[in-house]
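Structural characterization, general
In case you want the letters, here they are:
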Amino acid sequence: KYQGGKFTKVAEGEQVNILMAFPSFPLGHPGLPADVVYSAMLAGCNSSRLWRELRETRGLCYEIGRLTYAWKQGGISGVRMSCGSGDAAEAIRVLCAELQRAQDGLAESEIEMGIKLARANLVMASETSYDRLGSALHHIGVHGKAYDLDKELEKFAAVDRAAIRRAIEMQR
């Protein structure tokens, strides 16, 4: 089972890179699509919650994104951002406040956007023959069966508010 840890390297410079990661669902878990949607809602595009608040409204960072990794034993979901060293403490404070605000309530429009982003990422990852072959081989190696894009897309279409709430609870 995954055990969290901490690594800090202090270096002189004007740029700070921050990563906040949380436990997530293992590969194949029915809750994983909801976690991917939640991550997309938070920081999956330029109109996502964290991008708007941290970058556009407050100007605290110049890059913010999300990550979701799943393995057989467990998973990680998180947010990464880059900011000036003078803005790092405030950026972390606002990031934590926004994560708490997301736990307190989600707009239906955010959920819909997250589902669309997650589905679009799957489709775009299958855009070329090379990408489709890589996905197929990966899927066979990990799951022991062929990749079915339509079935994967259905999983994301089925995500609802309750499923996202369970994904949020996993990260507490």
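Residues numbered from 1 in each chain as written. Predicted model: local features only at pLDDT ≥ 70, side-chain atom pairs only at ≥ 80, totals over all residues. Heavy atoms only, no water.

1. Some thoughts on the overall build of the chain
If you tally the helices and strands in the chain, you get seven helices and three strands. Seen in sequence order, the chain has helices and strands lined up from the N terminus as β-α-α-β-β-α-α-α-α-α. In terms of C-alpha radius of gyration, the chain reaches 17 Å, essentially the compact-globule figure of 16 Å for 172 residues. When each of the 172 residues of the chain is scored for burial, the buried share is 37%. A sequence separation of at least 24 residues applies to 70% of the contacts in the chain between residues at least 6 apart. Total accessible area computed for the chain in this model is approximately 10200 Å², and 54% of it derives from carbon and sulfur atoms. Put simply, the chain has 22 plus and 21 minus side-chain charges, and the middle of one group is 5 Å from the middle of the other. (Helix = DSSP H or I, 4+ residues; strand = E, 2+ residues; numbered from the N terminus. Rg over C-alpha atoms; globule rule 2.2 N^0.38 Å. Buried < 20%, exposed > 50% of the residue type's maximum accessible area, 1.4 Å probe, protein only. Contact = heavy atoms within 4.5 Å. Areas by Shrake-Rupley, 256 points an atom, 1.4 Å probe, with all protein chains shown as cover. Lys, Arg positive; Asp, Glu negative; His and termini not counted. Charge placed at Lys NZ, Arg CZ, Asp CG, Glu CD.)

2. So, the environment of A158
Mapping A158 onto the fold places it in the loop between α6 (149-157) and α7 (161-170). Taking relative accessible area as the criterion, A158 reaches 56% and is therefore assigned exposed. Note: C-alpha distance between A158 and A34 (124 residues apart in sequence) is 8.8 Å.

3. Remarks on the side chain of E98
Relative to the elements of secondary structure, E98 occurs in helix α3 (residues 88-104). Residue E98 is classed as buried on the basis of its relative accessible area of 7%. Side chain to side chain, E98 and R101 meet in a polar contact 2.9 Å long. (Polar contact = N/O pair within 3.5 Å; in protein donor to acceptor, adjacent residues only side chain to side chain.)

4. A short note on the packing of helix α1 (residues 32-43) against helix α4 (residues 108-124)
Geometrically, a packed helix pair is captured by the angle between its two axes and the distance between the axes. At a closest axis distance of 8 Å, the pairing of α1 and α4 adopts a crossing angle of 110°. One finds that α1 runs roughly perpendicular with respect to α4. Facing V36, V37, A40 and M41 of α1, the residues of α4 in contact are E110, I111, M113, G114, I115, L117 and A118. For the contact of α1 with α4, the per-class residue count stands at nine nonpolar, one polar and one charged. (Axes fitted to C-alpha atoms, helices over the stretch in contact; angles between N-to-C directions. Parallel < 35°, antiparallel > 145°, perpendicular 65-115°, else oblique. Nonpolar A, V, L, I, M, F, W, Y, C, P; charged D, E, K, R; others polar.)

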